[in-house]
Amino acid sequence: MNSDPRNDAATAPRIIPREQHSISRKNISKAALRVLYRLHESGYSAFLVGGAVRDLLLGGHPKDFDVATNATPDEVKKLFRNCRLIGRRFRLAHVVFGPEIIEVATFRGLGEEGAEGGDRHIVDGRIVRDNIWGSIEEDAVRRDFRVNALYYDIADFSVRDYVGGMQDLADRSMRLIGDPELRYREDPVRMLRAARLAAKLNFRIDPAAAAPFENLGYLLAEAPSARLYDESLKMFLSGHGLKSFRMLEACGLLKFLFPATARALQRGDQALRSLVEQGLANTDARVKEDKSVTPAFLFAVLLWGEVRDQALGWIARGIEPTEAWQRAAVRVVGEQCQRVAIPRRFTLTMEEIWALQPRFEQVQRKRVFRLMAHPRFRAAFDFLLLRAPESAAMAQLGAWWQHAQALPQEMLAAALGGGPLPPSPDDKPLTPERPPVRRRRRVRRPKGGKAES
């Protein structure tokens, strides 16, 4: 099965001259310009393409710059000593400038599977390898969305539009090139890209592009879990995570990507929804402030509802709490990693954040200081604050720990030894609940030194 996007090809490209568009070379990275100029001066066509052109036309500031050319990957490598070739599914050239990587792709063609001189392999409608080279016109209609098929020509600084991308930018609409069902079968991750880009750009998804989501969402289970992990990071750790989450729900795609999250939210727990959305909003704020973010905290937020419900269910059936929480974490993480390949270093942190939550309810002196010394205390405490909507008691517990951290250790130790903490800024007394002290039974020993039996 092979989609035929040629139906979307314009009879002639629309060429927007320099004076009629807003792209300036001042807003293009120097590394990308070096690659474009080197290719052009060596006799090759060279275009900035894809999301960078789209975002520059919308007045944004792209972080990544991709280049399209008629030079083959091997020819690109001969031009740049700092180049490495990657990929089997799509062969690409990466030109490395310190921390910045410029991705250079050869124009892809529309040749059929098994065409002479080409390398394309399709399984059940899904492209698993595609290295057939072609013209810029063919390359344009091989791209996913029309707004991503715009080319900035370094030769004359014009923008070329082959499929109507400029009109979609004006309409603020995400339209696929070709038949949506066939294009999603080629690459199911395009459904997630539609949701992510619509959320990022504040665009709407064209009804024809959104219609197959419900029937074809199951295909995401067949996509490589490592690729879905990368796509999840783009959705949730790029500053528009909350919008992406809401878009996934609205499109009906959340249950295919995060089934445990979808199940937990379907139970109607408004406190859980508040936790998830506030956690995503906080992450967006940190990204905008250029602060560090971690996938571990993000995934801990998304999967908390299912972990909590399973753990409490096992505790109610008599299983020891520590084992119940551990069992729930292992089961939920295991299920999720079949869809999204979360690295082990992050799943370990997630499990620690969850396991520390019950310990916040134990405010005896030794346990308080032991918990504060835990390497995951800060992340677990931030997570505790997100749980405030669960109940008034949970909100008060979060306030107690927040106030306790502001006290000098000596003052906190004295307060935990007996009596209330010093007043908090809102003048509400915060007194830890202390369990009754159990006195040890004295064993009477005879003069011989052995205890009586």
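Further up the page is the structure itself.
Everything numeric here is computed off the predicted structure, so don't read it as measured data. Going along each chain's sequence as written, the residues are numbered from 1 onward. Per-residue local features are limited, in this predicted model, to residues with pLDDT of at least 70; the limit for side-chain atom pairs, both in listing and counting, is 80 or more; totals at the level of whole chains, interfaces and linings are taken over all residues. Side-chain metrics rest on all non-hydrogen atoms present in the structure, leaving aside hydrogens and water.

Attention now moves to the overall build of the protein chain. Each helix and strand in the protein chain was counted, giving 21 helices and 12 strands. Residue burial is assigned from relative accessible area. The probe radius is 1.4 Å, only protein chains are included, and a residue is buried under 20% of its type maximum, exposed over 50%, and partly exposed in between. Buried positions account for 48% of the 453 residues belonging to the protein chain. The contact criterion used is simple: two residues touch if any of their non-hydrogen atoms lie within 4.5 Å. Across the protein chain, every contact between residues at least 6 apart in sequence was considered, and the portion connecting residues at least 24 apart equals 66%. In this description, accessible areas are obtained by the Shrake-Rupley approach with a 1.4 Å probe, and a residue is regarded as covered only by the protein chains that are shown. Looking at the protein chain as shown, the accessible area adds up to about 23,000 Å², and 49% of this sits on carbon and sulfur atoms. Secondary structure follows DSSP: runs of H or I at least 4 residues long count as helices, runs of E at least 2 residues long count as strands, and numbering of each begins at the N terminus.

Strand order in the open sheet formed by 8 strands is β1-β10-β9-β2-β3-β6-β5-β4, with mixed pairing between adjacent strands. Edge strands, defined here as strands with exactly one partner in the open sheet, are β1 (14-16) and β4 (83-86). Ignoring strand direction, the axes of neighbouring strands in this sheet form an average angle of 30 degrees. Strands pair, by our definition, only if DSSP identifies at least two bridges between them. Of the pairings in the sheet, the one linking strand β5 (residues 92-97) to strand β6 (residues 100-106) comprises 5 bridges and is antiparallel in character. Only the contacting stretch of a helix is used when fitting its axis, a line to C-alpha atoms as for every element, and angles between N-to-C directions run 0 to 180 degrees.

This paragraph deals with the environment of Pro-17. Within the secondary structure, Pro-17 sits in the loop between β1 and α1 (30-41). As for Pro-17 and Phe-157, which are separated by 140 residues in sequence, their C-alpha atoms are 7.1 Å apart.

Considering the arrangement of structural elements, one finds His-240 in the loop between α10 (225-236) and α11 (241-251). Side-chain polar atoms of His-240 contact the backbone oxygen of Ser-238, separated by 3.5 Å. Beyond its immediate stretch of four places on either side in the chain, His-240 contacts Arg-196, Lys-200, Lys-234, Met-235 and Asp-284. Each polar contact in these results corresponds to two N or O atoms within 3.5 Å; when the atoms are within protein, one needs to be able to donate a hydrogen and the other to accept it, and residues that are neighboring in sequence are counted only if both atoms are side-chain atoms.

On to the pairing of strand β9 (residues 150-153), then. The side-chain alternation of β9 yields two buried faces, one formed by Leu-150 and Tyr-152 and the other by Tyr-151 and Asp-153. Where strand β2 (residues 46-49) meets β9, 3 bridges bridge the pair, whose relative direction is antiparallel. Looking across to β9, one finds that Leu-48 is bridged to Tyr-152. Bridging between β9 and strand β10 (residues 159-161) involves 3 bridges; their strand directions are antiparallel. Looking at the pairing, Tyr-152 lines up with Val-159 of β10. Joining the antiparallel neighbours β9 and β10 is a turn of 5 residues, in which Phe-157 adopts a positive phi near 65 degrees.

With that settled, the discussion passes to the pattern of salt bridges. By convention in these notes, a salt bridge is any Lys or Arg side-chain nitrogen within 4 Å of a carboxyl oxygen on Asp or Glu. In total, this model carries 32 salt bridges according to the counting rule given. A salt bridge links Asp-171 to Arg-175; its shortest N-O distance comes to 3.7 Å. Exposure remark for Asp-171: the relative accessible area of 36% places this residue in the partly exposed category. In this structure, a network of salt bridges that share partners links the residues Arg-263, Arg-267, Asp-269, Glu-306, Arg-308, Asp-309, Glu-335, Arg-387 and Glu-390.

With that settled, consider helix α7 (residues 189-201). In a helix, the anticipated span is given by 1.5 Å times the number of residues less one. Between the first and last C-alpha of α7 there are 18 Å, a value that for 13 residues agrees with the 18 Å anticipated at 1.5 Å per step. For α7, the tally of buried residues reaches 12 of 13 residues, placing the bulk of the element in the interior. For α7, the full list of buried residues reads Val-189, Arg-190, Met-191, Leu-192, Arg-193, Ala-194, Ala-195, Arg-196, Leu-197, Ala-198, Ala-199 and Leu-201. Looking at the residues trailing α7, positive phi occurs at Asn-202, about 60 degrees.

Below, the discussion takes up the packing of aromatic side chains. What counts as a ring pair is set by centres within 6.5 Å for rings of Phe, Tyr and Trp (its six-membered ring), and what kind of pair is set by the plane angle: stacked under 30 degrees, edge-to-face over 60, tilted for all other angles. According to the stated counting rule, one finds 15 aromatic pairs in the structure shown. Judged by centre distance (5.9 Å) and plane angle (90 degrees), the ring pair of Phe-47 and Tyr-151 falls under edge-to-face. Of this pair, Phe-47 sits in strand β2 while Tyr-151 sits in strand β9; the two residues are 104 residues apart in sequence, bridging distant segments of the chain. Look at Phe-297 and Phe-383: their rings are 6.0 Å apart centre to centre, the planes differ by 75 degrees, and that puts the pair in the edge-to-face class. Pair noted here: Phe-297 is in helix α15 (residues 295-316) and Phe-383 is in helix α19 (residues 377-386), with a separation of 86 residues, a long-range link.

Another point: a positive patch on the surface. Patch building starts from residues that exceed 30% relative accessible area and form no salt bridge, then joins like charges within 9 Å and nonpolar side chains (Val, Leu, Ile, Met, Phe, Trp, Tyr) within 5 Å. Asp and Glu count as negative and Lys and Arg as positive, but His and the ends of the chain are not part of the count. Taken as the charge centre is NZ of Lys, CZ of Arg, CG of Asp or CD of Glu, depending on the residue. Positive charge collects at one region of the surface, where Arg-365, Lys-366, Arg-367 and Arg-370 lie side by side. Its location among the elements puts Arg-367 in helix α18 (residues 365-372).

Their axes nearest at 9 Å, the elements helix α13 (residues 259-266) and helix α16 (residues 321-337) cross at an angle of 120 degrees. Taken together, the axes of α13 and α16 are oblique relative to one another. Contact with α13, carried on its side by Pro-259, Ala-260 and Arg-263, involves Val-332, Glu-335 and Gln-336 of α16 and no other residues of that element. Its residues placed into classes, the contact of α13 with α16 shows 3 nonpolar, 1 polar and 2 charged. Orientation is classified from the angle alone, with under 35 degrees giving roughly parallel, over 145 giving roughly antiparallel, 65 to 115 giving roughly perpendicular, and any other angle giving oblique. The classification used treats Ala, Val, Leu, Ile, Met, Phe, Trp, Tyr, Cys and Pro as nonpolar, Asp, Glu, Lys and Arg as charged, and all other residues, Gly among them, as polar.

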